[in-house]
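Next come the chains, spelled out residue by residue.
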Amino acid sequence: MGVLWVAALLVALPLGTSQTQPKSSISAWCSLDDHASAKACSPPTTCQSTDNWWADASSCAIPGGNPLVYPYNYDTWNVCGGSLGVQTMPLQDDKNQVFGKIYLFRDYRDNLFITVTIDGAINGQYFTDMPNPASPDIPWSTQVLIWDELPIVPADKIQYKDPANVGRFSCFTYLINLQHVCDPITSYYRFSPSGFGSDNYYCLCYDPSKPCPTRDLSKKDLLFLSLKVNATLYSLQPSGCGAPTSSRLMGSAWNNAFLGQVSVPCNATWPPASAPRPPSPPRPRPPVPPT
């Protein structure tokens, strides 16, 4: 199954390999107001991210009322609570410097989406490499910890990590089924195309001799969430992405531990039948050349 990492109701499925290279969306990315001064846009870089600069909905789900208008590609009609059900927070480091945005939303099947978008930089471009070649001593590029109790988890136990096997991302999405969350003390998530671990929703036990059942967090009012992103700064060259020059730890914006509480309730099973789906707004008309 492909890339939105949606298989079997959980998170972080491996990224598929496209047979054809799509046209780069760097021009659309550069047209966003906060990217005008980015090095990637002066001039538009030939460097290509795996998610095609936020445009690939299969690896980067950005919710909006009109999913035909960049950068939105996930219809808020499918979000529990509609547009009001989408939460955002800054993607920042431990010094409160902002590098992008985190979207948090939930669909009607109890799937929690966590999307990270990385903005432009004036001295290069930050990407999330999966795996991370700039820091081989760190066995993850991104990680998520989510639980209903304050989690005290050893650093070597990572509940969810790296929602793609390989790639260089300016945007990526985790998808976690809240009905079957891996216990961060006893298990970790690993999707396998072979189906290994599917009987426990791909939550593998640290101790194979003991059971490690998943937990249903779908009815919980508050959840603890920690998101960490180990991003790599690329120099950007006329011929491509250039060389990695440094790395920086970013994440959810609460504190230096990137840990806080979120509320993502959903008290409906699907949009009510009495509320017909509104039509999508028309695509913007192309500019008319002067006569």
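Keep in mind the model is a prediction, meaning the values are calculated, not measured.

1. Details of the pattern of salt bridges
This model, assessed by the stated rule, comprises 6 salt bridges. D148 is the partner of R215 in a salt bridge, and the nearest nitrogen-oxygen pair spans 3.0 Å. Taken together, the residues R215 in the loop between β12 (203-205) and β13 (223-234) and D148 in the loop between β7 (142-147) and β8 (160-161) connect sequence positions 67 residues apart. The closest approach of N and O atoms between D148 and K220, which form a salt bridge, is 3.5 Å. You can see D148 sitting in the loop between β7 and β8 and its partner K220 sitting in the loop between β12 and β13, a full 72 residues away along the chain. Taking the relative accessible area as the measure of exposure, D148 reaches 16% and is therefore buried.

2. Points about unusual backbone geometry
For the bond running from S42 to P43, omega is -10°, close enough to zero to count as cis. If you trace the backbone, P43 turns up in the loop between α1 (26-30) and β1 (63-64). The step from Y70 to P71 runs through a cis peptide bond, and the omega angle for that step is 5°. Considering the arrangement of structural elements, one finds P71 in the loop between β1 and β2 (74-75). Here D110, not a glycine, exhibits a phi torsion of approximately 65°, which is positive. Among the structural elements, D110 can be located in the loop between β4 (98-106) and β5 (111-118).

3. Concerning the packing of aromatic side chains
Under the definition given, this model contains 13 aromatic pairs. Where W29 meets W53, the ring centres are 4.7 Å apart and the plane angle is 55°; that geometry is what we call tilted. Residue W29 is found in helix α1, and its partner W53 is found in the loop between α1 and β1; the two are separated by 24 residues along the sequence. Judged by its relative accessible area of 0%, W29 is buried.

4. Details of the side chain of S252
Relative to the elements of secondary structure, S252 occurs in the loop between β14 (244-251) and β15 (259-262). For S252, a relative accessible area of 1% translates into the label buried. Of note is the side chain of S252, whose polar atom sits 2.7 Å from the backbone oxygen of F258. Contacts of S252, omitting those with residues within four sequence positions, involve M89, I102, L225, S226, L227 and F258.

5. Digging into the nonpolar core
Of all hydrophobic cores here, the largest spans 37 residues; its most connected members are I114, I146 and Y160. Counting only elements with at least two residues in this core, the list comes to β3 (87-92), β4, β5, β6 (125-130), β7, β10 (171-177) and β13. Among the elements that take part in this core, β13 stands out by supplying 6 residues, more than any other. Counting 25 residues, the second largest nonpolar core, distinct from the first, contains C60, Y74, F127 and C171.

Conventions adopted
- Residues numbered from 1 in each chain as written.
- Predicted model: local features only at pLDDT ≥ 70, side-chain atom pairs only at ≥ 80, totals over all residues.
- Heavy atoms only, no water.
- Salt bridge = Lys/Arg side-chain N within 4 Å of Asp/Glu carboxyl O.
- Helix = DSSP H or I, 4+ residues; strand = E, 2+ residues; numbered from the N terminus.
- Buried < 20%, exposed > 50% of the residue type's maximum accessible area, 1.4 Å probe, protein only.
- Phe/Tyr/Trp six-rings, centres within 6.5 Å; stacked < 30°, edge-to-face > 60°.
- Polar contact = N/O pair within 3.5 Å; in protein donor to acceptor, adjacent residues only side chain to side chain.
- Contact = heavy atoms within 4.5 Å.
- Core = buried A, V, L, I, M, F, W, Y, C linked by side-chain atoms within 4.5 Å.

Read these as geometric descriptors, not functional statements.
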